[in-house]
Amino acid sequence: MSIIKDIVVKIFLIAFAFVYIIPLLIIFTNSFMTPGEIARSYGDTHDFFDHELIGQISYVQYRLIPERISLNQYNTLLFRTPAYLDHFMNSIKLTLSVVAMHVVVGSLAAYGFTAWKSRFNEIIFCVCIIVMVLPFQATLVPNFIMADTLGILNTHASIILPLGFSPFAVFVMRQSMKGIPASIFEAAQIDGANHFKQFIHIALPMSKSGVAALIILTFADSWAMVEHPMVFLRDNALEPLSVVLYRLGQGDIGLIFAASVFYMLPMVWIFLYGQEYFEQGVKLSALR
Amino acid sequence: MLSRVTGKENAIAFSFLIPSLAGVALFYVIPFFMSLGYATTDSSGNFTGIENFANLFNSEAFRLASRNTFRFMVVAIPLSIAIPLVIACLLFNLKRMGRLKTIFMSPLVIPTASTAFFFQSLFTSNGFVSSLLGVNTDWLQTDHAFTIAVGLYIWKNLGFNLVLALAARANIPKEYYEWSAVEGMGKIRMFFKITIIYLVPGLFIMFVMSFINSFRIYRELYMLSGNYPHQSIYMLQHYMNNQFMWLNRQNLTTSAFVVTFVIAAFMVAFFIIDKKSHYGE
């Protein structure tokens, strides 16, 4: 009886997972289609995003297997349009800067919140949490005013600095440092270790998986940034590829699948590489 | 002497917070209070007191956006927590199903624009869903838009919550179930008396992440239907973004202030409840 139930549950879950992976499969296989086949599969490229129909309906038809394998999209993307690579480098620069700031600022502050004994500790942390959960649109004006005051509008710094100081990093790192038994810090104190040594030799090594979780979460979020560049950057050449992809989706969809796959690769790599640490880190932070 | 040393040590501990606090103050807190000037003046700088707030609460668009955002959160957040919990409980007892978890996380690696493109191709007037039904409906311009938005949100965030749910589930000692079985407790009662109760600690972080992500769904919604989507998915984020586009700083800061105030009140209440529940343990 329970074997039958297990099989039913398994079939249900596998079917569900299959539905889940379809978008990814379609994006991947369609990246090897010719622009012509894409146009035929997804209707006329320019009417596609218009809500009015012109002439007869040509429905979207998903095709998992291309008629013939073509590297046409990749060729255009990587070799014939150097702008895409520039946008890709913008993405790398923005994302890596934010991630680096998160790891450094976040782990320092998390240790501070763990070690600092004060009745203001929780109040300040609560303020950080509030700033963390606010939607971007609520912090847009403050961010904008400060970028304007500092004269960094229309530079990458206007995106990196507010995002890099986002208290999200503090939250994730604090969750993971909370799990370190207080007795370990106390023992180190008796041995004469100061805060700096405790941070370097205890807090950081013991929250390695928290750092991994933070890196992956921050990477995923910054890699997908859309609102920040659209607000803070006037110069299109400075935009990350995430914004350019959006424009591709609105116009020249012939390239969108290859561009998506290309843009996904760093995410996929970091995800597969760090998945174990990530899960461990997430576990620790969930259980506190 | 000893207290002076600890006082100095404590000051050093505090210094670890300085980079973060300085950054948060500089880019968020201080300019937030600087921007309050806009909320209490008109566009030519005359002090108007609470008039902007009164106008905002009377604004049809702001009320619609607030209602929609609230409705979205009330529907989508509980679902995005409950569904992964159910899947986690199903997955947990099965062998060799660990890979499925990775598949459920796949939406996280797909670029936002590609996700939007895919959903567009599903629900546009000549999209996949229309072709199945043989109609010609742009589903994103009907009342179904709200359902699509909720579905998109759950689809995207299920994997992450599933990892959290599995972690929380793995943390329940097997003995609890064995003891209860000896005492003759049924499977269904076990689920309610053990599983649900012991999953609660993991809910805190699931809730925080789901809350943050419920605002971030704006990215996809914006890409799917621009500044003026169907009125069932016109969110506060749309409203505020449009105020920014129109350079209406008064409305934007006033609504930002209201949103911040509501979220702050909610988070403080949440913190107090969370703290109390921990003292109770």
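The rules we used
- Residues numbered from 1 in each chain as written.
- Chains lettered and ligands numbered in written order.
- Predicted model: local features only at pLDDT ≥ 70, side-chain atom pairs only at ≥ 80, totals over all residues.
- Heavy atoms only, no water.
- Helix = DSSP H or I, 4+ residues; strand = E, 2+ residues; numbered from the N terminus.
- Rg over C-alpha atoms; globule rule 2.2 N^0.38 Å.
- Buried < 20%, exposed > 50% of the residue type's maximum accessible area, 1.4 Å probe, protein only.
- Contact = heavy atoms within 4.5 Å.
- Buried area = accessible area lost by both parts, 1.4 Å probe.
- Salt bridge = Lys/Arg side-chain N within 4 Å of Asp/Glu carboxyl O.
- Polar contact = N/O pair within 3.5 Å; in protein donor to acceptor, adjacent residues only side chain to side chain.
- Nonpolar A, V, L, I, M, F, W, Y, C, P; charged D, E, K, R; others polar.
- Patch = residues over 30% accessible without salt bridge, like charges linked within 9 Å, V, L, I, M, F, W, Y side chains within 5 Å.
- Areas by Shrake-Rupley, 256 points an atom, 1.4 Å probe, with all protein chains shown as cover.
- pLDDT = per-residue confidence, 0-100.
- Core = buried A, V, L, I, M, F, W, Y, C linked by side-chain atoms within 4.5 Å.
- 1 Å grid on protein atoms, 1.4 Å probe; cavity = no way out; pocket = protein on both sides within 12 Å on 5 of 7 lines; lining within 4 Å.
- Points joined across faces, edges and corners; volume = space filled by probe spheres on them.
- Axes fitted to C-alpha atoms, helices over the stretch in contact; angles between N-to-C directions.
- Parallel < 35°, antiparallel > 145°, perpendicular 65-115°, else oblique.
- Left-handed = near helix turned anticlockwise from the far one by under 90°.
- Expected span 1.5 Å × (residues − 1).

> Can you break down the overall build of chain B residue by residue, with the values?
Of regular secondary structure, chain B possesses 13 helices and zero strands. In chain B, the order of α-helices and β-strands from amino to carboxyl end is α-α-α-α-α-α-α-α-α-α-α-α-α. In terms of C-alpha radius of gyration, chain B reaches 24 Å, well past the compact-globule figure of 19 Å for 281 residues. Considering only C-alpha atoms, chain B reaches an extent of 85 × 75 × 30 Å along its principal axes. Each of the 281 residues in chain B was classed as buried or not, and the buried ones make up 55%. Sequence separation of 24 or more characterises 66% of the internal contacts of chain B that already satisfy a separation of 6 or more.

> Lay out the interface of chain B and chain A in plain terms, naming residues and giving numbers.
With 100 residues of chain B at the interface, the matching set in chain A holds 101 residues. Summed over both sides, the interface of chain B with chain A buries roughly 9,300 Å², with 76% coming from carbon and sulfur. Of all residues in chain B, Phe 16, Phe 27 and Phe 117 of chain B bury the most surface against chain A, accounting for 9% of the area lost on that side. Run the count over chain B and chain A and you get four salt bridges. Among the salt bridges present, the one from Glu 279 of chain A reaches Lys 101 of chain B, with a minimum N-O distance of 3.0 Å. The interface formed by chain B and chain A holds 15 residue pairs in polar contact (both at pLDDT 80 or more) in total. Among the elements that take part in the side of chain B that touches chain A, helix α13 (residues 249–279) of chain B stands out by supplying 14 residues, more than any other. Classifying every residue of the side of chain B that touches chain A by side-chain character gives 64 nonpolar, 26 polar and 10 charged.

> Go over a nonpolar patch on the surface, please, and point to the residues and values.
Together, Phe 18, Leu 25, Leu 64 and Ile 65 of chain A line one region of the surface with nonpolar side chains, adding up to about 400 Å² of accessible area. Take Phe 18 of chain A: its relative accessible area is 48%, and that puts it in the partly exposed class.

> How would you explain the confidence of the model for chain A if you had to name every residue and give the values?
Low pLDDT marks regions whose predicted coordinates should not be analysed in detail. All names here are of chain A. Here chain A averages 87 in pLDDT, while 93% of its residues score no lower than 70. Helix α7 (residues 157–164) holds the highest mean pLDDT among the elements of chain A, 96, whereas helix α2 (residues 35–41) holds the lowest, 82. Every residue in residues 45–55 scores below 50 in pLDDT, and together they form 21 contacts with partners more than four places removed in sequence or on other chains.

> Could you give an account of the nonpolar core, with specific residues and numbers?
Within the largest apolar cluster, 184 residues are counted, with the highest numbers of intra-cluster contacts made by Phe 171 of chain A together with Phe 72 of chain B. Residue contributions to this core peak at 17 residues, all from helix α8 (residues 144–170) of chain B. Other than its neighbours up to four places away in sequence, Phe 72 of chain B contacts Ile 77, Phe 146, Ala 149, Val 150, Tyr 153, Ser 214, Ile 217 and Met 235 of chain B.

> Any chance you could break down unusual backbone geometry for me, citing the residues and the numbers?
A positive phi angle, near 65°, is found at Asn 154 of chain A, a position not held by glycine. Inspection of the secondary structure puts Asn 154 of chain A in the loop between α6 (136–150) and α7. Residue class for Asn 154 of chain A comes out partly exposed when judged on its relative accessible area of 27%. Even without being a glycine, Leu 247 of chain B presents a positive backbone phi close to 60°. With respect to the helices and strands, the residue Leu 247 of chain B is situated in the loop between α12 (236–245) and α13.

> Could you give an account of the layout of surface pockets, with specific residues and numbers?
Left-over empty space is what a probe sized like a water molecule reveals as it rolls over the atoms. Considered as a void within the structure, the largest pocket measures approximately 770 Å³ in volume. Split into classes, the residues belonging to the lining of the largest pocket amount to 11 nonpolar, three polar and five charged. Lining the second largest pocket are 21 residues, with Ala 115, Lys 117, Gln 189, His 195 and Gln 198 of chain A sitting closest to its centre. When contributions to the lining of the second largest pocket are tallied by element, the ones reaching two or more residues are α4 (82–115), α8 (168–178), α9 (182–190) and α10 (195–206) of chain A together with α1 (2–15) of chain B. The dominant element in the lining of the second largest pocket, judged by the number of residues it contributes, is α1 of chain B, at five residues. When grouped by side-chain class, the residues that make up the lining of the second largest pocket number 10 nonpolar, seven polar and four charged.

> If you had to explain the side chain of Ser 225 of chain B to someone new, which residues and values would you point to?
On the secondary structure map, Ser 225 of chain B appears in helix α11 (residues 218–225). The residues contacting Ser 225 of chain B, other than those within four sequence positions of it, are Gln 141 and Ile 233 of chain B.

> So, the environment of Pro 82 of chain A: which residues are in play, and what are the values?
Counting through the fold element by element, Pro 82 of chain A comes out in helix α4. In the structure, Pro 82 of chain A is positioned 25 residues away from Ser 107 of chain A in sequence and 38 Å away in space, judged by C-alpha atoms.

> Before we move on, could you go through the packing of helix α6 (residues 112–123) of chain B against α8 of chain B and cite the residues and values that matter?
All names here are of chain B. The contact between α6 and α8 brings their axes to 12 Å, and the two run at 135°. Between α6 and α8, the crossing angle belongs to the class labelled oblique. The two elements α6 and α8 cross, and the hand of that crossing is right-handed. Where α6 abuts α8, its residues Thr 112, Thr 115, Phe 119 and Phe 123 lie against Ile 148, Leu 152, Trp 155 and Lys 156. Its residues assigned to classes, the contact of α6 with α8 comprises five nonpolar, two polar and one charged.

> Please give an account of the pattern of salt bridges that cites residues and values.
Tallying each qualifying case throughout the model produces eight salt bridges over all chains. Of the charged contacts, one joins Glu 227 of chain A and Arg 219 of chain B as a salt bridge, the two residues approaching to 3.0 Å between their closest N and O atoms. Here Arg 219 of chain B lies in helix α11 and Glu 227 of chain A lies in helix α12 (residues 227–232), a pairing that spans two chains. Taken together, the shared-partner salt bridges connect Asp 221 and Glu 227 of chain A together with Arg 216 and Arg 219 of chain B into one network.

> Describe the environment of Ile 11 of chain A, and please don't skip the residues or the numbers.
Structurally, Ile 11 of chain A can be placed in helix α1 (residues 2–30). The sequence separation of Ile 11 of chain A and Leu 140 of chain A amounts to 129 residues, and the corresponding C-alpha distance is 46 Å.

> Which residues make up helix α2 (residues 18–39) of chain B, and what are the values?
Between the first and last C-alpha of α2 of chain B there are 30 Å, a value that for 22 residues agrees with the 32 Å anticipated at 1.5 Å per step. Among all positions in α2 of chain B, only Ser 20, Leu 21, Gly 23, Val 24, Phe 27, Tyr 28, Pro 31, Phe 32, Ser 35 and Ala 39 of chain B are buried.

> Outline α12 of chain B, supporting the account with residue identities and numerical values.
Residue and element names in this part refer to chain B. In terms of burial, α12 is largely enclosed, as nine of its 10 residues are buried. Turning to α12, its buried residues number three or more, namely Leu 236, Gln 237, His 238, Tyr 239, Met 240, Asn 241, Asn 242, Gln 243 and Phe 244. One or two steps after α12, the chain reaches Leu 247, where phi turns positive at roughly 60°.

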